[in-house]
Amino acid sequence: MQSIVYALKNQFGYSLSMHGQPIVSIYDSLDNPPYWYELLLRMNHPTHGLQLPIDFMPPDSEPHLLEAIDWWVLEFVNERLRQYPNLNFSINFTRYLLTNPLLGRKLSTLFNGVDTLDRLTFEVSERYVWTVAEHEQLRSLRAIVKLSLDDVGENRLNELIYLPLSGFKIDGALVQRICTDTRASAIVQSLISLAWNLDWIVVCEFVDSQATLAWLRMIADRFTGVRLYAQGHAVGGYKRHW
């Protein structure tokens, strides 16, 4: 991993870091320590502070550089899975990772001896998964890790039946409006119902108020056993820095 880190540092002149945002079941007491984190990639800029991936990984970035960052993230989560056997993790990655025909084999080697099927979730953006080749790649990955569709509500839902998913995350722009916009609340409730019927995990991001959390708990009571989780300030929005 060090060679990748040095190569990225030479490219950017700065260092990369990962920050963990808790994903908490809405049924859990907020006093309980989180056991599931989404690992968020950041760059430590000497004058601008922490930068988001969009700031240093624009869409026109060189593919080889994006692939190097993907593998840096994978190496990082591999170390944390081995270091913290009681924690689960979710990660994001670029589209270029899905184009690697040897991806499944390389991941099996990297995660050898780690129970990634239960402890690691790949969050896949909706915009990445609408071609036959990508469907086939996801099917090979599903034997190694969990797959979750990210930013649901941003694009289309009609092809969900073709994807080997274990869950999805509802886009924060919808979640933030569920207490003030009847249309947004109807859409979120329908998505939770969809997850309940498919026995999928559903994560709501940007749960930043107690009112939003209370609304989600009310909806969960209607769908007994729904696997509903939340991220945001209302459920311990702090980030853990590794």
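Worth saying up front: this structure is predicted, and the values here are computed from it rather than measured.

**Quick look at the overall build of the protein**
Phase 1 of the analysis: Tallying secondary structure elements over the protein gives nine helices and 11 strands in all.
Phase 2 of the analysis: Expressed as a percentage of its 242 residues, the buried residues of the protein come to 53%.
Phase 3 of the analysis: Looking at the protein alone, contacts between residues at least 24 apart form 74% of all its contacts between residues at least 6 apart.
Phase 4 of the analysis: Accessible area for the protein stands at about 11,800 Å²; split by element, carbon and sulfur atoms hold 52% of it.

**Things to note about the nonpolar core**
Phase 1 of the analysis: Counting 69 residues, the largest nonpolar core has Leu107, Phe122 and Ile170 as the members making the most contacts within it.
Phase 2 of the analysis: Of the residues forming this core, the biggest block, nine residues, is contributed by helix α3 (residues 63–83).
Phase 3 of the analysis: Here Phe122 is in contact with Leu74, Ile91, Phe93, Leu107, Leu141, Val145, Lys146, Leu147 and Ser148, once residues within four sequence places are set aside.
Phase 4 of the analysis: The next biggest cluster of nonpolar side chains, apart from the first, holds five residues, and it includes Ile23, Trp36, Val203 and Tyr229.

**Focus: the pairing of strand β6 (residues 120–125)**
Phase 1 of the analysis: Counting buried positions over the six residues of β6 gives six, a clear majority of the element.
Phase 2 of the analysis: Here strand β5 (residues 88–92) runs beside β6; their pairing, made up of four bridges, is parallel. Within β6, the residue paired with Ile91 across the bridge is Phe122.
Phase 3 of the analysis: Sheet analysis places β6 next to strand β7 (residues 146–152), joined by five bridges and oriented parallel. Within β7, the residue paired with Phe122 across the bridge is Leu147.

**Things to note about the pattern of salt bridges**
Phase 1 of the analysis: Counted by the stated rule, this structure contains six salt bridges.
Phase 2 of the analysis: When the shortest N-O distance is used, the salt bridge between Lys169 and Glu38 registers 2.7 Å. Placement of Lys169 in strand β8 (residues 167–170) and of Glu38 in strand β3 (residues 36–45) is noted, with a sequence separation of 131 residues between them.
Phase 3 of the analysis: In the salt-bridge network here, residues are joined through shared partners; they are Glu38, Glu123 and Lys169.

**Points about the layout of surface pockets**
Phase 1 of the analysis: Quantified by volume, the largest pocket comes out at close to 1,300 Å³.
Phase 2 of the analysis: Every residue lining the largest pocket is counted, 42 residues in all, and those nearest its centre are Pro53, Ile54, Asn92, Asp150 and Asp151.
Phase 3 of the analysis: Of all the secondary structure elements, the ones that give two or more residues to the lining of the largest pocket are β1 (15–22), β3, α2 (53–56), α3, β6, β7 and α7 (172–175).
Phase 4 of the analysis: Looking at the lining of the largest pocket element by element, the count peaks at five residues for β3.
Phase 5 of the analysis: Considering only residue class, the lining of the largest pocket consists of 19 nonpolar, nine polar and 14 charged.

**Let's talk about empty space enclosed by the protein**
Phase 1 of the analysis: Inspection of every chain in the model, using the stated rule, returns one cavity of 30 Å³ or more.
Phase 2 of the analysis: By volume, the largest cavity amounts to about 80 Å³.
Phase 3 of the analysis: As for the largest cavity, its lining consists of Ile23, Trp36, Ser90, Thr121, Glu123, Lys146, Ser148, Ser166, Gly167, Phe168, Ile201 and Val203.
Phase 4 of the analysis: The set of elements that each furnish at least two residues to the lining of the largest cavity consists of β6, β7, β8 and β9 (201–204).

**Observations regarding the packing of aromatic side chains**
Phase 1 of the analysis: Counted under the stated rule, the structure contains five aromatic pairs.
Phase 2 of the analysis: Summarising the aromatic geometry, the rings of Trp36 and Tyr229 are spaced 5.0 Å apart at their centres and angled 80 degrees between planes, so their arrangement reads as edge-to-face. Taken together, the residues span a long stretch of sequence, with Trp36 in strand β3 and Tyr229 in strand β10 (residues 227–230) at a distance of 193 residues. Per residue, the accessibility class of Trp36 equals that of Tyr229, and both read buried.
Phase 3 of the analysis: Its guanidinium or amino end placed over the ring of Phe76, Arg80 lies 4.1 Å from that ring's centre, counting from NZ or CZ.

The rules behind each value
- Residues numbered from 1 in each chain as written.
- Predicted model: local features only at pLDDT ≥ 70, side-chain atom pairs only at ≥ 80, totals over all residues.
- Heavy atoms only, no water.
- Helix = DSSP H or I, 4+ residues; strand = E, 2+ residues; numbered from the N terminus.
- Buried < 20%, exposed > 50% of the residue type's maximum accessible area, 1.4 Å probe, protein only.
- Contact = heavy atoms within 4.5 Å.
- Areas by Shrake-Rupley, 256 points an atom, 1.4 Å probe, with all protein chains shown as cover.
- Core = buried A, V, L, I, M, F, W, Y, C linked by side-chain atoms within 4.5 Å.
- Pairing = 2+ DSSP bridges.
- Salt bridge = Lys/Arg side-chain N within 4 Å of Asp/Glu carboxyl O.
- 1 Å grid on protein atoms, 1.4 Å probe; cavity = no way out; pocket = protein on both sides within 12 Å on 5 of 7 lines; lining within 4 Å.
- Points joined across faces, edges and corners; volume = space filled by probe spheres on them.
- Nonpolar A, V, L, I, M, F, W, Y, C, P; charged D, E, K, R; others polar.
- Phe/Tyr/Trp six-rings, centres within 6.5 Å; stacked < 30°, edge-to-face > 60°.
- Lys NZ or Arg CZ within 6 Å of the ring centre and 35° of its normal.

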